[in-house]
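Fold and contact review
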Amino acid sequence: MAQAPISTHLPPDTKPTKASIAYGHRALPKLNEELRSEDLTTRQKALMALCDLMHDPEYVYQAIDIGCLESLKALLKDINDLVRIKATEVLYIMAIHTMGRDGLLKHDIIRALSFLLNDANPICRENLHKVYKLLALLPSGAQGILNSGLIPSLVWKLQKEQGAIQELILDTLASCLRVDATEALGSRVVPFLKQQLLSGSHSIRAKAACTLMAVSIPWQGKKQVWQYGVIPILVQLLKDDVDEVQANAAGALMFATVTTEGKYAALEAEAISPLLDLLCSPTNKVRLNATKALTMLAEAPEGRRALQSHVHTFRALEKEASEATMRRVAQIAIRVIEGKP
Amino acid sequence: MASLLTDRTSRAVNTYTYTSRPRALPCQRRRYRDNFLQPEEEPMRYGNIMYDRRVIRGNTYALQTGQLPGQPDPLELQRQQQAKRRALARKRAQEQLRPRTPEPVEGRKHMDVQTELYLEEIADRIIEVDMECQTDAFLDRPSTPLFIPAKTGKDVDTQILEGELFNFDLEVKPMLDVLVGKTIEQSLLEVMEEEELANLQAMQYAYEEIQNIELAEVQRLEEQERRHREEKERRKHQQWEIVNKHKETSQKIAARAFAQRYLADLLPSVFSSLRDSGYFYDPIERDIEIGFLPWLMNEVEKTMEYSMVGRTVLDMLIREVVEKRLSMYENKEDKHQSLRPEDEHGGPGAMRDQPVSYDFQEQSLSHTQRPLLDRDDLPRMSYDGRPSQERKYMEEGELLGQSEETAIRKSLGKEELQ
């Protein structure tokens, strides 16, 4: 039975692995001090508590304000694995919020994290790549990653790493390459991506195709894509089972066939029939990209001839299109097919 | 009081019970007592409701509300104030009438002196001790003592042991509420966060799609533009080249026509000039001219030279002879006759030698001229025809030459002999 008198024992510690969080606005300063302590257990417990707190954006703001990032940077070089894993996890959670990303960029976390690229612990590396992926979504973040010269090492890591980390690196690269792809093209990213396109996992295929799409936006990229013979593989991927893979492959084709050589390579690889099949796909992205790719191919005379018999499909698409983009794209396709040069 | 009344009535008649029985209310003339000497109990005066100021009669809309029951009404207040003033005045009057000690003589002062056994300190200040006693406000009489009814019934006691009052379900409910609530709250937060992230990502994807499509469109148009421009450039270039070639060809044609015309006259003139300068020749003629005729001329020259030499020699001979003859004549006039038969000898001998030399000449001629003669006979005939005179001359020359030679030989012989 619950007794009225107050017990002399302290209440049972339900979470021994976490530091107790002080009340109100004293929480973060105290945790910050604990992060700098000499004792390993204190540091670990403080990091666990910090992980929980960082889900709240207000705490993120306060943390950056009082300089938690400096202590976190020091902790990244710690010998203990758990400390490093948790420190990178905290940074990942902070990177989810916008002001967290801003703070990370301002305090030059990218460079501090780059020392951990060769870390022995895979979880640590995974968190590291998650941080990079979220940072790369921001244009200034992508610029920061490019400026710190990490692209060649990331491309190199793409080969060596496996599984989930590979997917994260692919995402990071896709976002960074949209900003500026010259460095990556110089470090032979296209052959690596070509290998990934044939991988077993569908998510890796999808992401590799997405990265290829980003790579083939600049002219140099288009040239390399044609040179390394990636276009036939992309055409093959159009018949893949997964929607995402189809959409990204169609997108990559759409960009790669802007150049004349790309167009003819695609026509040789018989891209028209799979693309026409994709027009009936349920996913919007697939239809958009396929229509665009067919528009590109219709500019070549052979393509135009082949597609003139299929103009009715485009008209049907235009009529039943729910959004303006699809309608516009279908209209452009019809115009290109029927227009005279 | 109300409860007592109810008890009585309940005993008498039980048709109707009141919580509070209707009764006539006493009117409360004074709220506060004027002085403490007033007896507590006064004969109860019951008020007439008809003449009670508290009961509102007539219109209820423009009436002033009376005083709150706690507040004294102003009439009472005024009366109290008057009474107070009267009391004060009475006191003052009494003070003045009281006998006092006469004033002190000039130069002296009254002084209070204590005559008791023990002196007391008389201070100006009276030692005051504050004592308070508070009674309940507005309480006229003490409250009735607690009514404890007589004990009836049976006494029963019970002992509650430890742990019996504890109903787990009830006790656990608030804790469970908190636990479950917090868990659900936390999970809701997380789910919301993830949902937010998923929404953001979905929006980002949609935006990315549109961006990609737009970019592709832009690039396609750029490429188209570039191709058109290049095509235009190429066609312009082609056209320019065509025009150039056209010009060139027309120039060439004009030049050729002009040159043709210019050269049309040139050819016959060239040919004629060439022919005039002897570039067209009959090879045999040329050969003859180059080869044969110089040789012929050489031979002719030689022959002529021989004849000249012969003549000269003959002249010399003649001279010598003549000189000798002259000398001989001068010396001996009879030798003149012996010289004449020598001339005759010389003549037939020369005649004999002549066909020999002629043969010789012919042989030599045939030797040198055989290839030529072999080729055609006609020129030989002409050759025979033309230089026949020359040959005769030559023959004569030869003849003379031979004769001179023989003469020389003979003379030499003679000289040797001599």
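To be clear, the structure that these remarks concern was listed above.
Described below are features of the structure shown in this document. (Residues numbered from 1 in each chain as written. Chains lettered and ligands numbered in written order. Predicted model: local features only at pLDDT ≥ 70, side-chain atom pairs only at ≥ 80, totals over all residues. Heavy atoms only, no water.)

Here we take up the overall build of chain B. Of regular secondary structure, chain B possesses seven helices and zero strands. Along the chain direction, N to C, the helices and strands of chain B fall in the order α-α-α-α-α-α-α. Considering only residue pairs separated by 6 or more positions, chain B has 55% of its internal contacts joining residues 24 or more positions apart. Carbon together with sulfur atoms contributes 56% to the accessible area of chain B, which is approximately 39,200 Å² in total. (Helix = DSSP H or I, 4+ residues; strand = E, 2+ residues; numbered from the N terminus. Contact = heavy atoms within 4.5 Å. Areas by Shrake-Rupley, 256 points an atom, 1.4 Å probe, with all protein chains shown as cover.)

A few words on the pattern of salt bridges. Enumeration over the complete set of coordinates arrives at 29 salt bridges over all chains. In this structure, Glu161(A) engages Arg125(A) in a salt bridge whose closest nitrogen and oxygen atoms are separated by 2.9 Å. One end of the pair, Glu161(A), is in the loop between helix H10 (151-160) and helix H11 (163-179); the other, Arg125(A), is in helix H8 (residues 122-136), and 36 residues separate them in sequence. Since its relative accessible area comes to 15%, Arg125(A) is described here as buried. One salt-bridge network, held together by shared partners, links Lys263(A), Lys292(A), Glu299(A), Glu217(B), Arg220(B) and Arg227(B). (Salt bridge = Lys/Arg side-chain N within 4 Å of Asp/Glu carboxyl O. Buried < 20%, exposed > 50% of the residue type's maximum accessible area, 1.4 Å probe, protein only.)

With that settled, the discussion passes to the side chain of Ser307(B). All names here are of chain B. Positionally, Ser307 belongs in helix H4 (residues 283-331). Under the relative-accessibility criterion, Ser307 is labelled buried at 7%. A distance of 2.5 Å separates a polar side-chain atom of Ser307 from the backbone oxygen of Met304. (Polar contact = N/O pair within 3.5 Å; in protein donor to acceptor, adjacent residues only side chain to side chain.)

With that settled, the discussion passes to the packing of aromatic side chains. All names here are of chain B. Taken as a whole and assessed by the stated rule, the structure comprises three aromatic pairs over all chains. A ring pair is formed by Tyr16 and Tyr18, whose centres lie 4.9 Å apart and whose planes are at 70°; its orientation type is edge-to-face. On the accessibility criterion, Tyr16 (55% relative accessible area) is exposed. A relative accessible area of 37% places Tyr18 in the partly exposed class. Look at Phe258 and Tyr262: their rings are 6.3 Å apart centre to centre, the planes differ by 15°, and that puts the pair in the stacked class. Of this pair, Phe258 and Tyr262 both sit in helix H3 (residues 168-276), four residues apart, which is roughly one turn of that helix. (Phe/Tyr/Trp six-rings, centres within 6.5 Å; stacked < 30°, edge-to-face > 60°.)

Here the focus is the nonpolar core. Counting 124 residues, the largest nonpolar core has Met54(A), Leu72(A), Leu91(A), Leu113(A), Leu197(A) and Leu275(A) as its most contacted members. Not counting chain neighbours up to four residues away, the residues in contact with Leu72(A) comprise Leu47(A), Leu50(A), Ala87(A), Val90(A), Leu91(A) and Met94(A). (Core = buried A, V, L, I, M, F, W, Y, C linked by side-chain atoms within 4.5 Å.)

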